[in-house]
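# Chains, contacts and geometry: an overview
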Amino acid sequence: MSLPANGHAALTAVSTMLTPMERLRVDAAGEGLYHALHRDSVEDIIRDLKERGAAAILMSVSRCGREEASSRVASMVREFPRIPAVAILTELEPQTPQTVLSLGRSGVQTLIDVRQPAGWRELRNILMADRATDIQRLALAQLTTDLVGVPVDCWRFFEALFRCSPQVSTVRLLARRLDVLPSTLMSRFFRARLPAPKRYLAMARLTRAASLFENPGLSVANVSNHLDYSSPQSFGRHVRTILRITAVEFRQRYDGEGMLHRFREELVLPFLPVLRTLTPLSGPPGWLAGSGSKTPQFSRPRTD
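Here we summarise the structure given alongside this text. (Residues numbered from 1 in each chain as written. Predicted model: local features only at pLDDT ≥ 70, side-chain atom pairs only at ≥ 80, totals over all residues. Heavy atoms only, no water.)

Turning our eyes to something else, we now look at the overall build of the protein. Secondary structure assignment for the protein yields 15 helices and five strands. Classification of the 304 residues of the protein by burial places 46% in the buried group. Considering only residue pairs separated by 6 or more positions, the protein has 69% of its internal contacts joining residues 24 or more positions apart. Looking at the protein as shown, the accessible area adds up to about 15300 Å², and 51% of this sits on carbon and sulfur atoms. (Helix = DSSP H or I, 4+ residues; strand = E, 2+ residues; numbered from the N terminus. Buried < 20%, exposed > 50% of the residue type's maximum accessible area, 1.4 Å probe, protein only. Contact = heavy atoms within 4.5 Å. Areas by Shrake-Rupley, 256 points an atom, 1.4 Å probe, with all protein chains shown as cover.)

What follows is the structure, given as structure tokens:
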């Protein structure tokens, strides 16, 4: 895997609470696969979930023996039910059985014994089995069924809506991801009398937002930061513009699956006959940059 200049941006972030020796072994086991954020308290892990978008929690049984720690773990799991929490066992101590039972009562459902090499393989498999979020998997599975028979170009567009990073927030950035001119992308949808790509992207981002809001511990500010809005106020304006409701009403009304249903009902199912002939990413000779010809001019909506 090639990494960007900042080193860890392309890796899944995993927030941990481990012993010093376990930290070294977890780093070695996950090299090139995930980036461990080593913390000293449950409060630090919660901060990672809110501010750094950590995708998983990894805790040592040896660090969760105290009653107050277990209580805080239970609160964390309740606040972030969509974030997988995994406990690892590296050594047996007199209090280990009681600690394991306590973690189970706290809501930690996965315990991995890493005293053998197979345990570390299992840990890697669990953390990296699929980097996509639940809503990404659900969306792509549903769209695969809805869009049977569409051209490859069309499928690539819809796949990118849910696979692209949260930083892809404008049609211009989406077009760059798809290696197509923004004008080409916009014009193909406009001429086919489809909703604008900007609408598709906006609704896909709100589907992600609704899924994040399923974690009660995430505030509007946390979600807007995860999805690269400039501020919570910007996110609120976006919700009002697209859905005509406030951000608070949006959180109360929609979960990820409900927002995905609205995405399909408004933007996919009514347009299936057109989508089955849509090729939005390829144009006639001379359309792409560097081809030596000018882009044809005709009436179309503005790009972002």
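To continue, consider the pairing of strand β1 (residues 12-17). Among the six residues in β1, six count as buried, and that is most of the element. Neither face of β1 is left uncovered, since the one carrying Thr 12, Val 14 and Thr 16 and the one carrying Ala 13, Ser 15 and Met 17 both have all their residues buried. Here β1 runs beside strand β2 (residues 34-38); their pairing, made up of five bridges, is parallel. Note on β2: the bridge partner recorded for Thr 12 is Tyr 34. (Pairing = 2+ DSSP bridges.)

Turning our eyes to something else, we now look at helix α1 (residues 20-29). Of the residues making up α1, those classed as buried are Glu 22, Val 26 and Ala 29. Seen from one end, α1 has its buried residues packed into an arc of 65°, which puts them on one side. Of the exposed residues in α1, those oriented more than 90 degrees away from the buried face are Pro 20, Met 21, Leu 24 and Ala 28. (Arc of directions from axis to C-beta.)

We now examine the environment of Gln 167. Along the chain, Gln 167 turns up in the loop between α7 (152-163) and α8 (171-178). Remark: the alpha-carbon pair of Gln 167 and Leu 227, spanning 60 residues in sequence, is separated by 6.7 Å. Those residues in contact with Gln 167, other than ones at most four positions away along the chain, are Leu 173 and Asp 228.

With that out of the way, let us pick up the nonpolar core. Counting residues in each nonpolar core, the largest one holds 73 residues, and the members touching the most others are Phe 158, Leu 161, Leu 243, Phe 250 and Phe 263. Of the residues forming this core, the biggest block, eight residues, is contributed by helix α10 (residues 197-212). Residue contacts for Phe 250: discarding those within four places in its chain leaves Leu 206, Ala 209, Ala 210, Phe 213, Phe 235, Val 239, Leu 243, Ile 245 and Met 259. Membership of the second largest hydrophobic core comes to 15 residues, among which are Val 26, Leu 58, Ile 112 and Leu 123. (Core = buried A, V, L, I, M, F, W, Y, C linked by side-chain atoms within 4.5 Å.)

Taken in spatial order, the five strands of this open sheet run β2-β1-β3-β4-β5, and their pairing is parallel. Each edge of the open sheet is held by one strand with a lone partner, namely β2 and β5 (110-113). Each neighbouring strand pair of the sheet contributes to a mean axis angle of 30°, computed without reference to strand direction. Relative to strand β3 (residues 56-60), β1 is paired through four bridges, and the arrangement is parallel. Across the sheet, residue Ser 15 finds its bridge partner in β3, namely Ile 57. Sitting on the sheet, α1 is in contact with β2, β3 and β4 (85-89), with an inclination near 165° to β2. (Axes fitted to C-alpha atoms, helices over the stretch in contact; angles between N-to-C directions.)

In this section: unusual backbone geometry. Most peptide bonds take the trans configuration, and most residues that are not glycine carry a negative phi. The backbone of Asp 179 sits at a positive phi, close to 60°, despite the residue not being glycine. Within the secondary structure layout, Asp 179 lies in the loop between α8 and α9 (182-191). With a phi close to 65°, Arg 244 is a non-glycine residue in the positive phi region. Relative to the helices and strands, Arg 244 resides in the loop between α12 (232-243) and α13 (247-253).

Tracing the sequence through the fold places Glu 22 in helix α1. No salt bridge is formed by the buried Glu 22. Its closest oppositely charged neighbour is Arg 63, at 7.0 Å. Look past the residues within four positions of Glu 22 in its chain and what remains in contact with it is Ser 60, Ser 62, Ile 88 and Thr 90. (Lys, Arg positive; Asp, Glu negative; His and termini not counted. Salt bridge = Lys/Arg side-chain N within 4 Å of Asp/Glu carboxyl O.)

Tallied over the full model, the rule gives twelve aromatic pairs. Ring centres 6.3 Å apart and planes at 75° place the aromatic pair Tyr 200 and Phe 263 in the edge-to-face group. Separated by 63 residues along the polypeptide, Tyr 200 in helix α10 and Phe 263 in helix α14 (residues 256-267) bring together distant segments of the chain. By relative accessible area, which is 0% here, Tyr 200 ends up buried. Ring centres 5.1 Å apart and planes at 75° place the aromatic pair Tyr 229 and Phe 235 in the edge-to-face group. (Phe/Tyr/Trp six-rings, centres within 6.5 Å; stacked < 30°, edge-to-face > 60°.)

Our focus in this paragraph is the pattern of salt bridges. Here the structure, examined in full by the defined rule, presents ten salt bridges. What emerges from the salt-bridge pattern is a single network uniting Arg 199, Arg 262 and Glu 266.

A few words on helix α4 (residues 96-106). Considered for burial, the residues of α4 that qualify are Thr 96, Thr 99, Ser 102, Leu 103 and Ser 106. In an axial view of α4, the angular spread of the buried residues amounts to 120°, which keeps them on one side of the axis. Exposed and oriented more than 90 degrees from the buried face of α4 are Pro 97 and Arg 105. Of the residues flanking the end of α4, it is Gly 107, one or two places downstream, whose phi is positive at about 110°.

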